[in-house]
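Below, each chain spelled out in residue letters.
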Amino acid sequence: MKSIYAVMVQVLVVGSDYALFIVFARQLDPEAFVAFSTAVGLHILAWVIADGGVSYVAPRELATVANRRGGAMAGAFLTLRTGLYVVATVGGFLLWNLLAEDALSGIWVAAYAAYALPSLLIPYWLTCWSMDVVGLLATVAVRVIILGAAVLAPAPAMLGFSGLGFLGFVFWLMMWLNRRETIVGWAGVRVLRIAVQKLSEVFLAKTVACVMYGLAPLIIGVSRGAFMASDYVTGERIYRVYMALFQPVVQIVYLSQFQEGPLKQNKGILGTSVHLTNVLLGVAVLLAVQAGALSIMGERFEAVVGVRVYLLAACLAVASGAMLYFRVFPSGDFGIFRRATVFQTTAFAVMLSLVLVRPDVPVAWILGIAEAALFVALVGELVVRRFLRLRENSEA
């Protein structure tokens, strides 16, 4: 149950972020929404760099009792995530304003960073060892209050003060979860070095791909203007909302690989169920969009250019994520991940280059082609691995 509670908290936080985006999209005037959504675009870049593969490596490392003892290793992973987020936010802000004609709003960027940063401190791979129903319900209450404040006062000051309030809540939550067993503690230099060494297995491949992914709003802003960057970020939010529907199952099953329980024995059935549900739900959502369902979320979502491409990209991303979390990462075969990610990174680079030099290339295809590349590469890698194993068994 601890893993389920932890993933529910993660989904709640991410889901409330999407709900806040919808609230702001409906209530802000066009100029303010462009400033807000481009700040979210910078956040996307900083967030994916901050993750840097931690969510892939940390569950395996913290599954060892020795690594969890004292919370030092968890503290090291959190330190790396937080530091990378701050550096990426500041660097991305300076780079965007240096290259683009439409500068980012410093107030909106600072406000959204203050709002988002505390969420980095409570990842599911950390809280899964001690999260309980009290922590879950307390998180629900705080996030509902934040959303209520967003409805009443959609402004940068609201984001900043909400972030400070949530940071205080996160400190309380950490003390509450630490009361029986220390899940997070101070990380010394030695432990930080170990964490960096562990991350090096996937960090470069993951970070390069994430940088390409996160650079999309910046490059679109430079080449097409802030309005088109805002349109892309809104489409990316639709893409993320669809992926979030599958996040609980994928993460719970992944965590179960490192904990004893019935889910560990039934991951094959659950993996097949995820793929089948993804196909059926993807078709249903595309039909709903065709019927005008996006009008429920507001006119800005309904006006997104290439919305079906974002949805197809999300379906492919869910399928790729299921392959990675159910087949690749539990086995520790990170070579498959690195090779597939190189293929995806190349696709990102090609599409971003085309967007820069050809104004007729739809920006939605950046995500569409990149996710298709990752999916094809993973399927090919897993088929080859299966073939090689069958040949080895037949020769034995």
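Use the structure listed above.
Residues numbered from 1 in each chain as written. Predicted model: local features only at pLDDT ≥ 70, side-chain atom pairs only at ≥ 80, totals over all residues. Heavy atoms only, no water.

Considering the nonpolar core
No. 1: The biggest cluster of nonpolar side chains holds 129 residues, and the ones touching the most others in it are Leu 20, Phe 24, Phe 36, Trp 125, Leu 159 and Ile 366.
No. 2: With 15 residues, the top contributor of residues to this core is helix α16 (residues 307-328).
No. 3: Apart from the residues within four sequence positions on either side, Leu 20 is in contact with Phe 36, Tyr 112, Tyr 115, Leu 147, Ala 150, Met 158 and Leu 159. (Core = buried A, V, L, I, M, F, W, Y, C linked by side-chain atoms within 4.5 Å. Buried < 20%, exposed > 50% of the residue type's maximum accessible area, 1.4 Å probe, protein only. Helix = DSSP H or I, 4+ residues; strand = E, 2+ residues; numbered from the N terminus. Contact = heavy atoms within 4.5 Å.)

Things to note about a nonpolar patch on the surface
No. 1: Together, Leu 95, Leu 98, Leu 99, Val 222, Leu 356 and Val 357 line one region of the surface with nonpolar side chains, adding up to about 560 Å² of accessible area.
No. 2: Elements with a contribution of two residues or more to the nonpolar patch: α5 (72-99) and α17 (334-357).
No. 3: Per-element accounting of the nonpolar patch gives the leading share, three residues, to α5.
No. 4: Within the secondary structure, Leu 98 is located in helix α5.
No. 5: Exposure remark for Leu 98: the relative accessible area of 67% places this residue in the exposed category. (Patch = residues over 30% accessible without salt bridge, like charges linked within 9 Å, V, L, I, M, F, W, Y side chains within 5 Å. Areas by Shrake-Rupley, 256 points an atom, 1.4 Å probe, with all protein chains shown as cover. Salt bridge = Lys/Arg side-chain N within 4 Å of Asp/Glu carboxyl O.)

Some details on the environment of Leu 192
No. 1: With respect to the helices and strands, Leu 192 occurs in helix α10 (residues 189-199).
No. 2: Not counting the four nearest positions on each side in its chain, Leu 192 is found in contact with Ala 76, Thr 79, Leu 80 and Ala 187.

Section: the environment of Val 151
No. 1: Along the chain, the position of Val 151 falls in helix α8 (residues 133-152).
No. 2: In this structure Val 151 comes out as partly exposed when scored by relative accessible area, which is 43%.
No. 3: Once you skip the residues sitting within four places of it in the chain, Val 151 turns out to touch Val 23 and Gln 27.

Describing the packing of helix α1 (residues 2-27) against helix α2 (residues 30-51)
No. 1: Contact geometry for α1 and α2: axes closest at 9 Å, N-to-C directions at 160°. In this view, α1 runs roughly antiparallel relative to α2, as classed from their interaxial angle. The handedness of the crossing between α1 and α2 is left-handed. Contacts between α1 and α2 involve Leu 20, Phe 21, Phe 24 and Ala 25 from the first element and Phe 33, Phe 36, Ser 37 and Val 40 from the second.
No. 2: When the residues that make up the contact of α1 with α2 are grouped by side-chain class, the tally is seven nonpolar, one polar and no charged. (Axes fitted to C-alpha atoms, helices over the stretch in contact; angles between N-to-C directions. Parallel < 35°, antiparallel > 145°, perpendicular 65-115°, else oblique. Left-handed = near helix turned anticlockwise from the far one by under 90°. Nonpolar A, V, L, I, M, F, W, Y, C, P; charged D, E, K, R; others polar.)

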